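Topology and contacts: notes
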Amino acid sequence: MKEVVAILRRQKVADTRQALADIGYPGCTLLSVHGRGKQGGIGGILGEIDPEMQKFLSPEEYLFKMDFIPKRMYTLVVPDEAVPKVVQTIIQTNQTGNIGDGKIFVLPTDDATTVRTGKTGDKAL
Ligand SMILES: Nc1ncnc2c1ncn2[C@@H]1O[C@H](COP(=O)(O)OP(=O)(O)OP(=O)(O)O)[C@@H](O)[C@H]1O
Ligand SMILES: [Mg+2]
């Protein structure tokens, strides 16, 4: 099994969740993160800065915050054979062609256990 870790635009999470559920992968973990890619955060779309946060920042702090763009880390663990389909679905849902569309990492995962049933491995997913 593999963990697919996708760093996405915040406004793309709902569509991503729906698209992955539609192909049979409803389970996920969502984290709020700040990140920077090739552009080092600069070049991020201004609209991506949380408007609530902007109100409390001085210009200097605002520029500093631009160094790290708010993103969502969307992770799910899936059987090995599901990885291409899951990655393709995330691309289809998130690709706009603009910088900052996101990044997908695929990580090895040793095992999984469902606490309620004690099932392990792919049966736990
Ligand atoms: N090498 C990396 N390691 C860990 N996280 C990364 C890495 N590159 C990007 N990220 C994360 O992914 C997010 C989105 O990255 P982004 O889409 O800007 O990638 P990019 O490589 O700069 O591509 P693009 O040129 O299309 O913007 C970043 O804000 C950061 O959280
Ligand atoms: Mg980038």
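Notes on the structure follow. Keep in mind that this is a model prediction, so the values were computed, not measured.

Okay, the environment of Tyr25 next. You can see Tyr25 is positioned in the loop between α1 (13-22) and β2 (29-35). Take Tyr25: there are 20 C-beta atoms within 10 Å of it, and that puts it in the buried class. Separated by 52 residues in the primary sequence, Tyr25 and Val77 place their C-alpha atoms 9.0 Å from one another.

With respect to burial, β2 is a largely exposed element, only 0 of its 7 residues being buried. With 7 bridges connecting them, β2 and strand β3 (residues 69-78) associate as antiparallel partners. By the bridge assignment for β3, Leu30 is matched with Tyr74.

Right, let's get into the sheet that holds β3. Spatial strand order, β2-β3-β1-β4: 4 strands in an open sheet with antiparallel pairing. Edge positions in the sheet fall to β2 and β4 (103-108), since each has one partner strand and no second. Looking at each pair of strands side by side, their axes are set apart by 25° on average, direction ignored. Relative to β4, strand β1 (residues 2-8) runs antiparallel, the two being bridged by 6 bridges.

Attention shifts here to the site of ligand 1. Taken together, the neighbourhood of ligand 1 is formed by 13 residues, with Ile7, Gly35, Gly37, Lys38 and Ile99 sitting nearest. Of the residues contributing to the shell around ligand 1, the split by class is 3 nonpolar, 5 polar and 5 charged.

Bringing helix α4 (residues 83-94) into the picture now. For α4, built from 12 residues, the straight-helix expectation of 16 Å at 1.5 Å per residue is met to within 8% by its first-to-last C-alpha distance of 16 Å. Listed as buried for α4 are Val86, Ile90 and Asn94. What you see down the axis of α4 is that its buried residues fit within an arc of 50°, all on one side. Looking at α4, the residues exposed on the side facing more than 90 degrees away from the buried face are Pro84, Gln88 and Gln92. Contacts made by the buried residues of α4 are with β1, α1, β3 and β4.

Summarising the sheet, β1 and β3 pair through 7 bridges and their orientation is antiparallel. Note that in β3 the partner of Ile7 across the bridge is Met73.

α4 packs onto α1 with a crossing angle of 145° between their chain directions and a minimal axis gap of 9 Å. Like other packed secondary-structure pairs, α1 and α4 cross with a definite hand, here right-handed. Taken together, the residues of α4 that come into contact with α1 (itself represented by Asp15, Thr16, Ala19 and Leu20) are Val86, Thr89, Ile90, Thr93 and Asn94. Class assignment for the residues of the contact of α1 with α4 results in 4 nonpolar, 4 polar and 1 charged.

Reading the values: the criteria
- Residues numbered from 1 in each chain as written.
- Chains lettered and ligands numbered in written order.
- Predicted model: local features only at pLDDT ≥ 70, side-chain atom pairs only at ≥ 80, totals over all residues.
- Helix = DSSP H or I, 4+ residues; strand = E, 2+ residues; numbered from the N terminus.
- Buried ≥ 20, exposed ≤ 12 C-beta atoms within 10 Å, placed from the backbone.
- Pairing = 2+ DSSP bridges.
- Axes fitted to C-alpha atoms, helices over the stretch in contact; angles between N-to-C directions.
- Near = placed C-beta within 6 Å.
- Nonpolar A, V, L, I, M, F, W, Y, C, P; charged D, E, K, R; others polar.
- Expected span 1.5 Å × (residues − 1).
- Arc of directions from axis to C-beta.
- Contact = placed C-beta atoms within 7 Å.
- Left-handed = near helix turned anticlockwise from the far one by under 90°.

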